[in-house]
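One-letter residues, chain by chain:
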Amino acid sequence: MKKTVDVSIPLGPVHPCWKEPVRLKCETAGERVIRAEVELGYMKKGIERIMRGRPWQEVMFLAERVCGICSVVHNMVFIEAMEEISAIAVPPRAAYLRVIVNELDRMASHILANFSYCYTIEHETLAMYLLNTREIVLDNLERITGSRINTAYMIPGGVRFDLLPEDAAAMLADLVKVEDEMKRHVRIFETGPLIALRSKGIGVMSREEAIRSHTVGPTARASGVEESDLRLRHPTYRELGFTQITRTEGDNFARVMLRFDEVFQSIDLIRKCVETLPEGPIRGGGLCKAGETSYAGEAPRGELTYTIKTDDFGRVLDIAIRTPSIMNIEACAHSMIVDAASIADVTSTFISSDPCIACNER
Amino acid sequence: MTGYLYEKDLRQMKFTILTSTRHDEAVRAIAGRLGISDAKLRMVLIRRFDMSLLENLESRWAMGQQHADNGDPVTKELGCELFTRFVPLVDPGVMQSICSETRAMSENGPQEEALARGKARIREAVLS
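Residues numbered from 1 in each chain as written. Chains lettered and ligands numbered in written order. Predicted model: local features only at pLDDT ≥ 70, side-chain atom pairs only at ≥ 80, totals over all residues.

**Some words on the overall build of chain B**
We apply this condition: Helical segments are the DSSP runs of H or I of at least four residues, strand segments are the runs of E of at least two, and each set is numbered from the N terminus. Two residues qualify as a contact pair if the distance between their C-beta atoms, derived from the backbone, is within 7 Å.
When you go through chain B residue by residue, the secondary structure sums to nine helices and zero strands. Beginning at the N terminus, the succession of helices and strands in chain B can be written as α-α-α-α-α-α-α-α-α. Expressed along its principal axes, the backbone C-alpha trace of chain B runs to roughly 55 × 35 × 25 Å. The long-range share in chain B, meaning contacts at least 24 apart out of those at least 6 apart in sequence, stands at 59%.

As structure tokens, then:
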């Protein structure tokens, strides 16, 4: 980076507000941030290279290890890409169960993102409340899949476990609890004067900037980018009548509030799935074949794309993963943070974009 | 104070980003559009872009192909918006002067020649 000012402030790689190591170099004039640069490379896994040449049965487990927060959607997008290559049909019941698990994962991810934001702006009380509520969501994920994080729930042609009636009843009861608690948390966030001071009008990204850097997910939707939710194109979500939530402010407050709104939307989607859950098998079967595709799905942070090439035995010959954080972190560093009035706003703005460094570095 | 403690040499990691499947395709497409070699473009990108921008290069290039069009055929052919806003390889001020000079030349003479000279100036600006 060309040095234009006297004072350069590095934030990280080890920083109390960062969940993962990343270094932000901020060029400042007084407190004002002129420009920022992102330095990665502290947790590169090289997972795409590890995946190459391996059979899909191994790659599906590696795929969900790209990210420890939204692992379910990595599993889902990889499996749906394999199904597209091999023309494998999914039974309707399995498709609905996938939505339930995916939405539970989205809720856990959004609540964790908002926890991080509240923690960063020093509202630790609300942060801890949110973390507590997230536990209920993870408990339900464990109840259905047997695991809280790396579930390996989806397989080509279906899912591994059915939803038992008693588990469905327990999950619905828990969702009522989560909904009540989240309403209280949202009220605290919406009405907190200090939260507003740290969030409203801070880290603003316009719609044009969001489009230019291909920002995706809640970060794009908070800046008013329409049709940016890939669930709109997913057949099961279309059956469920999914509609996208959009805000126009484009600031930290909008991004956090949008994630809160999406948690409620996920609760509604799960309820709808349970109410209308079709009867039938949860596994259709099918063989993975040779082919090539680029398949995208909506992760909690936005568009997640897997470009895969396979051989006749279902071995992955080539794979490229484009995670949403690649676009969102870049937009954050080069649009939101630029011209921040204070260095204190850099950390909160960076966290408001829900950056996942593990996803970014893969 | 402009230096950092523990500053690392990021060139190898930046090169690794640029040589992944999708990034390599994007680099080849950009180099083809600019008329310079892939290796030279990689060198410029490593020198000028931070790691996050390099990671997002492929998406920005794809978005630029779709949205970088203000209706003017000369600026579109030169990639004025594409190479300043989407893939920021050229300073906007420099690009502005190249565009206006090319437009003036194309009004007074053959358009192909004007565009060729404009593109050559953009290449110079990228490699400088």
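**What to know about helix 8 (residues 92-108) of chain B**
Residues and elements named next belong to chain B. Convention followed: Multiplying 1.5 Å by the residue count of a helix minus one yields the expected span of that helix. The burial criterion counts other C-beta atoms lying within 10 Å of a residue's C-beta, which is placed from the backbone; the residue is buried at 20 or more, exposed at 12 or fewer, and partly exposed between these limits. It is the directions from the helix axis to the C-beta atoms whose arc is reported.
Helix length check: helix 8, at 17 residues, gives a terminal C-alpha distance of 24 Å against a target of 24 Å (1.5 Å per residue), a fit within 8%. Those residues of helix 8 that fall on the buried side of the exposure criterion are Met 95, Ile 98, Cys 99 and Thr 102. Within helix 8, the buried residues cover an arc of 100° as seen down the axis, which keeps them to one side. With respect to the buried face of helix 8, the exposed residues turned more than 90 degrees away are Gly 93, Ala 104, Glu 107 and Asn 108. Where helix 8 is buried, its residues meet helix 6 (73-78), helix 7 (82-86) and helix 9 (111-127).

**Description of the sheet that holds strand 8 (residues 316-322) of chain A**
Strand pairing in a sheet relies on backbone hydrogen bonds. The paired strands run either parallel or antiparallel. Residues and elements named next belong to chain A. Using the following cut-off: Any two strands with at least two DSSP bridges between them are considered paired. Angular values range over 0 to 180 degrees, each being the angle between N-to-C directions of two axes fitted as lines to C-alpha atoms, with helices fitted over their stretch in contact.
Judged by pairing direction, the sheet is antiparallel, and its three strands sit side by side in the order 6-7-8 without closing on themselves. In the strand order of this sheet, the two ends are held by strand 6 (291-299) and strand 8, each with one partner. The average undirected angle you get between the axes of adjacent strands in this sheet is 15°. Relative to strand 7 (residues 302-310), strand 6 runs antiparallel, the two sharing nine bridges. When the bridges of strand 7 are listed, Ala 296 appears paired with Thr 305.

**Description of the interface of chain B and chain A**
What counts here: The nonpolar class holds Ala, Val, Leu, Ile, Met, Phe, Trp, Tyr, Cys and Pro. Asp, Glu, Lys and Arg form the charged class, and all remaining residues, Gly among them, are polar.
Each side of the interface is counted separately: chain B has 20 residues, and chain A has 26 residues. Elements with a minimum of two residues in the side of chain B that touches chain A: helix 2 (21-34), helix 4 (51-55), helix 5 (57-67) and helix 7 of chain B. Of the residues contributing to the side of chain B that touches chain A, the split by class is eight nonpolar, seven polar and five charged.

**Some details on the sheet that holds strand 3 (residues 32-39) of chain A**
Residues and elements named next belong to chain A. Across the sheet, three strands lie side by side as 1-2-3; this open sheet has antiparallel pairing. Single-partner strands in this sheet number two, and they are strand 1 (7-11) and strand 3. Each strand axis lies, on average, 25° off the axis of its neighbour in the sheet, ignoring direction. The strands touched by helix 13 (residues 343-352) are strand 1, strand 2 (23-29) and strand 3; relative to strand 2, the strand with the most contacts, the crossing angle is about 145°.

**Here we look at the confidence of the model for chain B**
All names here are of chain B. Rules: Per-residue confidence from the predictor is given as pLDDT, running between 0 and 100.
Across chain B, the average pLDDT comes to 85, with 95% of residues at 70 or higher. Of all helices and strands in chain B, the one with the weakest mean pLDDT is helix 6 (80), whereas helix 3 (residues 38-48) scores best (92). Reported confidences for the modelled complex are a pTM of 0.89 and an ipTM of 0.81.

**Describing the packing of helix 3 (residues 71-86) of chain A against helix 4 (residues 92-120) of chain A**
Residue and element names in this part refer to chain A. Put simply, helix 3 and helix 4 touch, their axes get as near as 8 Å, and they point 145° apart. The segment helix 3 lies against helix 4, with Val 72, Val 73 and Met 76 engaging Arg 98, Val 101, Asn 102 and Asp 105. Residues belonging to the contact of helix 3 with helix 4 are distributed by class as follows: four nonpolar, one polar and two charged.

**Overview of the nonpolar core**
Residue and element names in this part refer to chain A. Threshold: Put simply, a nonpolar core is buried Ala, Val, Leu, Ile, Met, Phe, Trp, Tyr and Cys residues tied into one set by C-beta atoms within 7 Å.
If you look at the biggest cluster of nonpolar residues, it comprises 133 residues, and the most contacted ones within it are Phe 78, Ile 100 and Ile 337. Tallying contributions element by element places helix 4 first for this core, with 17 residues. Excluding residues within four positions of it along the chain, Ile 337 makes contact with Val 33, Ala 36, Gly 203, Cys 332, Val 346, Thr 349 and Phe 350.

**Some points on the pairing of strand 8 of chain A**
On a regular strand, each side chain points to the face opposite its neighbour's, so the side chains alternate between the two faces of the sheet. Summarising burial for strand 8 of chain A: five of the seven residues are buried, a large majority. In textbook terms, the turn of a hairpin is the stretch between consecutive antiparallel strands, and for strand 7 of chain A and strand 8 of chain A this stretch comprises five residues, one of which, Gly314(A), has a positive phi near 80°.

**Some words on the environment of Met51(A)**
All names here are of chain A. Here Met 51 is to be found in helix 1 (residues 47-51). C-beta crowding within 10 Å serves as the criterion here: with 23 such atoms nearby, Met 51 is assigned to the buried category. Taking the C-alpha atoms as reference, Met 51 lies 43 Å from Arg 32; in sequence the two are 19 residues apart. If sequence neighbours within four positions are ignored, Met 51 has contacts with Val 59, Leu 62, Val 316 and Ile 319.

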